[in-house]
Amino acid sequence: MANRFLSGSIEKSILRKALRTPTIKRIDGDSLSTEISNKYVLRNIGRSPLWRMLIPLPWQLWPAEARLLLALMVFWSIAGLCILGSASWWVATREMGEGSYFIKRQMMWLFTSWTIAWLAISINLRRWLRISKVCLLICLLLVGATLVFGSNINGASRWLIFGPIRLQPSELVKPFLILQAANLFAQWKRIKNGQKLLELSIFGTLILLILKQPNLSTAALIGILIWMIALSAGVSFINLSLAALSGLGLGVFSITRHEYQLLRVTSFLNPWEDPHGNGYQLIQSLLAIGSGGWFGEGYGLSTQKLLYLPFLNTDFIFSVYAEEFGFAGSFMLIIFFILIAFLGLRISLRSQNNYSKLIAIGCSTMLIGQSIMHLAVTSGSMPTTGLPLPFISYGGNSLLSSFLIGGLLLRCSLESSGLIGGLKIKKKLN
Amino acid sequence: MVIKNSRHSSPLKKKRLKVAPLSPIPPFRLKLTFSLLCLALLALMGRVAQLQLVQGFALEARARDYQTRKVEPLGRRRSIVDRRGRLIALDEKRYRLYAHPSKFKFVGDLQGVFRRPEEVAAKLEGVLPLTKKKLIEAFYAEETGVKLIEGLTPSIASKIENLRIDGLDLEPYLQRIYPQDDLFSNVVGFLDYDRVPQAGLELSLDNELLQKEKSRSYRFGRDGTPLPTDIEAGVFAIDKEHVHLTLDARLQEVAVNALREQLDIWKARKGAAIVMDVDNGELLVLASTPTYDPNKYWEYKSTLYKEWSVQELFEPGSTFKPINLALALEEGAIEQNGTVYDSGIVNVGGWPLTNWNKKPNGLLDFAKVLQVSSNVAMVNIIQKLNPSNYWERLNQLGISRALITDLPGAVPGHLKQKELFVKQPIHQAVASYGQGFSITPLKLVQLHALIANGGRLVEPHIRKGLPSTITTAKETFKKDDLLLSQDVTKIVLKWMESVVENGSGKGVKIDNYRIGGKTGTADQTNDGINYDSKICSFVAILPVEHPRFVVVVAVDSPKRSYAYGSTVAVPVAKKIIESLIVVEKIPPINNQTDFLSAQS
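Residues numbered from 1 in each chain as written. Chains lettered and ligands numbered in written order. Predicted model: local features only at pLDDT ≥ 70, side-chain atom pairs only at ≥ 80, totals over all residues. Heavy atoms only, no water.

Novice: How should I be thinking about the overall build of chain A in this particular structure?
Specialist: Of regular secondary structure, chain A possesses 16 helices and 3 strands. Burial status across chain A gives 59% buried among its 430 residues. Long-range contacts, defined here as pairs at least 24 residues apart, represent 71% of the contacts in chain A between residues at least 6 apart. Counting only carbon and sulfur atoms, one obtains 69% of the accessible surface of chain A, whose full area is about 17900 Å². (Helix = DSSP H or I, 4+ residues; strand = E, 2+ residues; numbered from the N terminus. Buried < 20%, exposed > 50% of the residue type's maximum accessible area, 1.4 Å probe, protein only. Contact = heavy atoms within 4.5 Å. Areas by Shrake-Rupley, 256 points an atom, 1.4 Å probe, with all protein chains shown as cover.)

Printed below as a string of structure tokens:
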């Protein structure tokens, strides 16, 4: 738990008081490392190359988790592009007349997303936490707007169309939701019940609005995420169980109200009952995954992607992946997810305050949780609902929010070093 | 709150201290969250393992079953070509266009968006030979499975495919095309709408015309794109074999046109012309009018579908006389230089038999008998034969047997029973000038080929190059098989030549060519009692010095007076022979060196 690069003694005392973390033990090298870092910053700020000025912390000082996480994110997004390329090429040729249609757009979005990720890394977490509430409320309004102005695609109005750009507020809300949940639960035991209720009701409204779209999967994901952050924050198990029960109740209510959701749920239980109707999507997905066998058909050689699978760019991209790379590939992917989750845990444990701890665990939970739900849907372990696989599925909104979440996680890791994000450093830089 | 406070420094310290302390997050909760995620991921791994490793084979088999479609062959038939490779019948790919108006979509349309029929009609209008209004009408008629049009050529079909409209289905099928229109329909026949052969060779050679295509089963994309995997060897093999006919399209055309012209002039019911190679039985012409266009068979009466020169019998009449003379020579009943007396009338068993013009011709040599086509002389000659032997001879010629030929539907001729024939002289008498028994025109050709090739009975056929039971004269005939001796045939041939030189066959005379011939004008009966119509015919053998071809022309029921073999059939034969000389490059006689070099 030792933080080698914790800043000077004044700040140390402030933080110690503030955080009340008795487990943190200082080591004697503190003053030395502070000196080094101060010197380094002061000496290099004038003549460091541009890219060094663009990252908030010199590369040498990045914690190991941050470096690994960045590498994994780069790998994840590039591999995702390759997987999407294989999955989408045929469909793009048939339906758009150009094989690279989806990849080109995805690359453009990737570029934007990396900028967003960089922004997430560069901005202080405190600032993020301060603006999160406003952003959340704006997103809430946008979600509300989809119900009024949204364009209806596949029976759900999830999109707001501004010229060439299609916004999906339910995707964009995810990072702000993590931040706001962290804001709330970090001080859960301290704030008054009235305020708790107010904050929770914002979340509740959001979930209800998304349910109304209807977008069961995102609503469920958001509910589960908030619950997990609450769990991480140490909310009492009684309250957690109550919340879980009420969430389940809401889910059951929603399912029974919307016929199409009910059909999806029942068809998930036995897809073979109606292989050409409600069970079709799931059956095609199961056939794809099953065809993979041990080592898969090989990259680019999926047959199910030849228009048999529906939504294979987005909601069923894992099926294509699993068919092409087999169990070996699926195993690697899941191990990769565990690694990411573990990194999230490490960063969270290393973070120095409740806020960044919760942001870190929240971000990793969001990324991995969404992946879990995607895999669960495609493998028929969950009712068929549309959720993109982060970093891999086609879709600008999903990419943007995934990268913002990834960026926030990185920022948490950087701040866990204690070299940035604190008050004193900022002063020194100025 | 804490963060805020830490930013604003000392002045707010007091206030900050009043805030309740922030309880730190216990690490075990974070680990709990992580464990939950891991648990879910491991469960998923188990699920995926179950799907891919345990159920993998079953699911893959199911997927393959779903992705693989068996494509039954379209039923491609071989092309039929004439002796020079000209196409007579071929298959062409055509398309039927079906529409499913409730499922119209354009490329790039989002799922759940459907197009209105008007939009689709506007796109199709320029491509299809249908108006927009008609298309829209058709689209509104039914929700799905509207058959818009058929017979689309591949180029139009690919244009439609390039429009990339969902909800349009192009169904390929094969259409049998007969580029020579009605020239060969009597022989080749046709396929009906369902590609079931209905007549002619299409029917009789159905098995050989059908290509042995394998049914293909391979994987498809859902949009029907075939994939290059799991394909059996030889599935795409298409044999380019044609069915070669011995017929010659140019000669056939000449024959059909000449016949048609003559039929018009004489208001005759029907006509046929046959040209056969006497050495191997290859038919170069088998023309028949009136006939039908196999491309539009439905516009014609089904009685036309029969080829009458093969399937109908007639009494050959005078054209049979050379054969009778040959039989008489063979039997020794007459001598080459002998004579016979024609009194104009002869009484046989109470029946008075006369010449065609009821006039006597006096003392005749046998060449003259043919030239004037004397019935009375023929009766006198035949009466010198032993009736039993005569019947045996006729029977040997195979008159009452069906021809061995690859032409569909050949029927046997009629010859009186031996007892009846021998007992009643009238039967022998009328048989002497080709009445009282019946054969098909094709049989007549075969019999005259006997005279032309030195007594060998070749089997007339129209298929080239495919092994069958057909035998040709040169290959398989032994001495014993000869029905007539070469000396006899040579003599008869010379007599026949005189018919063309000075007799009724003068009409086919061509300078520098030696042609033998015999006209015939046979009475025929439709009801068996009244001989009220006639068949005018003409037989030619050429060239006499080295016979290669037999030409037979027969015209049934000419309605105008002065209709005889010489007036009705000979002009047709002449046109055919003229073309035959050109097409087959028959050398003229005064150019013996050329003739020899052409032979070697």
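From this point on, the discussion continues.
Novice: Quick question: what am I supposed to make of the overall build of chain B here?
Specialist: Each helix and strand counted, chain B has 23 helices and 17 strands in total. Put simply, of all contacts in chain B between residues at least 6 apart along the chain, 70% involve residues at least 24 apart. Summing over all exposed atoms, chain B offers an accessible surface of approximately 28100 Å²; the carbon and sulfur share of this is 52%.

Novice: Could you clarify how one ought to interpret a nonpolar patch on the surface in this entry?
Specialist: Residue and element names in this part refer to chain A. Residues Leu54, Trp118 and Leu119 make up a contiguous nonpolar surface patch of roughly 240 Å² in combined accessible area. With respect to the helices and strands, the residue leucine 54 is situated in helix H3 (residues 50-54). The exposure class assigned to leucine 54 is partly exposed, which follows from its relative accessible area of 38%. (Patch = residues over 30% accessible without salt bridge, like charges linked within 9 Å, V, L, I, M, F, W, Y side chains within 5 Å. Salt bridge = Lys/Arg side-chain N within 4 Å of Asp/Glu carboxyl O.)

Novice: For this particular structure, what's the right way to read the packing of aromatic side chains?
Specialist: All names here are of chain A. Evaluated as defined, the whole model comprises 30 aromatic pairs over all chains. Seen in terms of ring centroids, tryptophan 114 and phenylalanine 403 are 4.8 Å apart; in terms of plane orientation they differ by 65 degrees. Their pairing is edge-to-face. Of this pair, tryptophan 114 sits in helix H5 (residues 101-122) while phenylalanine 403 is found in helix H15 (residues 396-416), placing the two residues 289 residues apart along the sequence. The class of tryptophan 114 is partly exposed, set by a relative accessible area of 27%. With 5.0 Å between their ring centres and 35 degrees between their planes, phenylalanine 185 and tryptophan 188 make a pair best called tilted. Among the residues examined, phenylalanine 185 registers a relative accessible area of 4% and is labelled buried. Linked through ring pairs, Phe75, Trp76, Trp114, Phe336, Phe337, Phe391 and Phe403 together constitute an aromatic cluster. One Lys or Arg, arginine 105, reaches over the ring of tyrosine 101 and ends 3.8 Å from the middle of that ring. (Phe/Tyr/Trp six-rings, centres within 6.5 Å; stacked < 30°, edge-to-face > 60°. Lys NZ or Arg CZ within 6 Å of the ring centre and 35° of its normal.)

Novice: Help me out: how do you make sense of the pattern of salt bridges in this one?
Specialist: When their charged atoms lie close together, side chains carrying opposite charge are able to pair. All names here are of chain B. In the structure shown here, the tally under the stated rule is 39 salt bridges over all chains. Residues glutamate 171 and arginine 96 are paired through a salt bridge, measuring 3.0 Å at the closest nitrogen-oxygen approach. Here glutamate 171 is found in strand S5 (residues 168-177), whereas its partner arginine 96 is found in strand S3 (residues 87-99), with 75 residues between them in sequence. Under the relative-accessibility criterion, arginine 96 is labelled buried at 12%. In this structure, glutamate 578 engages lysine 574 in a salt bridge whose closest nitrogen and oxygen atoms are separated by 4.0 Å. Linking glutamate 578 with lysine 574, this pair stays in helix H22 (residues 565-583), spanning 4 residues, or about one helical turn.

Novice: Explanation requested: the sheet that holds strand S15 (residues 516-524) of chain B in the structure shown.
Specialist: Hydrogen bonds between backbone groups are what pair the strands of a sheet, and the pairing can be parallel or antiparallel. All names here are of chain B. Pairing within the open sheet is antiparallel, and its 5 strands lie in the order S9-S8-S17-S16-S15. Both edges of this open sheet fall to strand S9 (283-289) and S15, since each of them pairs with a single strand only. Averaged over all pairs of adjacent strands, the angle between their axes in this sheet comes to 10 degrees, without regard to strand direction. Pairing analysis gives 8 bridges linking strand S8 (residues 270-277) to strand S17 (residues 549-556), with the strands arranged antiparallel. Within the sheet, the bridge partner assigned to valine 275 lies in S17 and is valine 551. Set on the sheet, helix H21 (residues 486-502) makes contact with S15 and strand S16 (533-542); between it and S15 the angle comes to about 80 degrees. (Pairing = 2+ DSSP bridges. Axes fitted to C-alpha atoms, helices over the stretch in contact; angles between N-to-C directions.)

Novice: Whenever I open this one, the packing of helix H13 (residues 321-331) of chain B against helix H16 (residues 387-396) of chain B confuses me. Can you help?
Specialist: Residue and element names in this part refer to chain B. In contact at an axis separation of 11 Å, H13 and H16 are set at 125 degrees when each is read in the N-to-C sense. Comparing the axis directions of H13 and H16 gives the class oblique. For the pair H13 and H16, the crossing hand works out as right-handed. Residues Asn324, Leu327, Glu330 and Glu331 of H13 form the contact with H16, whose participating residues are Asn389, Tyr390, Arg393 and Leu394. For the contact of H13 with H16, the residue count by class is 3 nonpolar, 2 polar and 3 charged. (Parallel < 35°, antiparallel > 145°, perpendicular 65-115°, else oblique. Left-handed = near helix turned anticlockwise from the far one by under 90°. Nonpolar A, V, L, I, M, F, W, Y, C, P; charged D, E, K, R; others polar.)

Novice: Looking at this structure, I do not really get the interface of chain A and chain B. What am I missing?
Specialist: How big an interface is tends to be reported as the loss of accessible area on association of its parts. Between chain A and chain B, the residue contacts involve 81 residues of the former and 53 residues of the latter. Summed over both sides, the interface of chain A with chain B buries roughly 6100 Å², with 68% coming from carbon and sulfur. Considering only the surface of chain A that becomes buried against chain B, A:Arg190, A:Tyr308 and A:Phe327 emerge as the three largest contributors, covering 11% of it. At the boundary of chain A and chain B, one finds 1 salt bridge. Here B:Arg64 and A:Glu297 are joined by a salt bridge, their closest N and O atoms 2.5 Å apart. Summed over the shared surface of chain A and chain B, the number is 13 residue pairs in polar contact (both at pLDDT 80 or more). (Buried area = accessible area lost by both parts, 1.4 Å probe. Polar contact = N/O pair within 3.5 Å; in protein donor to acceptor, adjacent residues only side chain to side chain.)

Novice: Looking at this model, I keep getting lost on unusual backbone geometry. Mind explaining?
Specialist: A negative phi holds for most residues other than glycine; trans holds for most peptide bonds. All names here are of chain B. The omega angle of the peptide bond from threonine 289 to proline 290 is -10 degrees, so this bond is cis rather than trans. Residue proline 543 is bonded to the preceding leucine 542 through a cis peptide linkage, with omega at -15 degrees. In this structure, proline 543 sits in the loop between S16 and S17. Positive phi is not limited to glycine here, since arginine 195 has a value of about 60 degrees. Among the structural elements, arginine 195 can be located in the loop between helix H8 (185-188) and helix H9 (200-204). For arginine 195, a relative accessible area of 18% translates into the label buried.

Novice: I'm lost on the state of the cysteines in this one. Help?
Specialist: Where two cysteines share a covalent bond between their sulfur atoms, that bond is called a disulfide. What the rule picks out here adds up to 0 disulfides over all chains. Between A:Cys135, a free cysteine, and A:Cys139, which holds the nearest cysteine sulfur, the sulfur-to-sulfur gap is 6.7 Å. (Disulfide = S-S within 2.5 Å.)

Novice: Looking at this model, I keep getting lost on empty space enclosed by the protein. Mind explaining?
Specialist: Taken as a whole, this structure holds 6 cavities of 30 Å³ or more when the rule is applied. Its boundaries defined by the atoms lining it, the second largest cavity holds a volume of some 90 Å³. In this structure, the second largest cavity is lined by 16 residues; those nearest its centre are A:Ala186, A:Trp188, A:Lys189, A:Ala233 and B:Ser23. Of the residues assigned to the lining of the second largest cavity, the class counts are 10 nonpolar, 4 polar and 2 charged. (1 Å grid on protein atoms, 1.4 Å probe; cavity = no way out; pocket = protein on both sides within 12 Å on 5 of 7 lines; lining within 4 Å. Points joined across faces, edges and corners; volume = space filled by probe spheres on them.)

Novice: When you look at helix H19 (residues 441-453) of chain B in this model, what are you seeing that I'm missing?
Specialist: Helical geometry: 3.6 residues make up each α-helical turn, so side chains three or four residues apart lie on a common side. Residues and elements named next belong to chain B. Between its first and last C-alpha, H19 extends 18 Å over 13 residues, near the 18 Å set by a 1.5 Å rise per residue. For H19, a buried count of 13 out of 13 residues is recorded, marking the element as mostly surrounded by other parts of the structure. Positive phi shows up at glycine 454, right after H19, with a value of about 85 degrees. (Expected span 1.5 Å × (residues − 1).)

Novice: When you look at helix H10 (residues 237-257) of chain A in this model, what are you seeing that I'm missing?
Specialist: Residues and elements named next belong to chain A. In this model, H10 (21 residues) spans 30 Å end to end at C-alpha, consistent with the 30 Å of a helix rising 1.5 Å per residue. Every buried residue of H10 is listed here: Leu240, Ser254 and Ile255. Seen end-on, H10 carries its buried residues on one side only, within an arc spanning 95 degrees. In H10, the exposed positions that point more than 90 degrees away from the buried face belong to Ile238, Leu242, Leu245, Val252, Thr256 and Arg257. (Arc of directions from axis to C-beta.)

Novice: Help me out: how do you make sense of the packing of helix H9 (residues 216-233) of chain A against helix H3 (residues 27-54) of chain B in this one?
Specialist: The relative placement of two packed helices comes down to the angle between their axes together with the axis-to-axis distance. Running from N to C, H9(A) and H3(B) point in directions that differ by 145 degrees, and their axes come no closer than 7 Å. Between H9(A), through A:Trp227, A:Met228, A:Ala230, A:Leu231 and A:Ser232, and H3(B), the contact on the second element is made entirely by B:Arg29, B:Leu30, B:Leu32, B:Thr33, B:Leu36 and B:Leu37. Looking at the contact of H9(A) with H3(B) residue by residue, the classes come out as 8 nonpolar, 2 polar and 1 charged.

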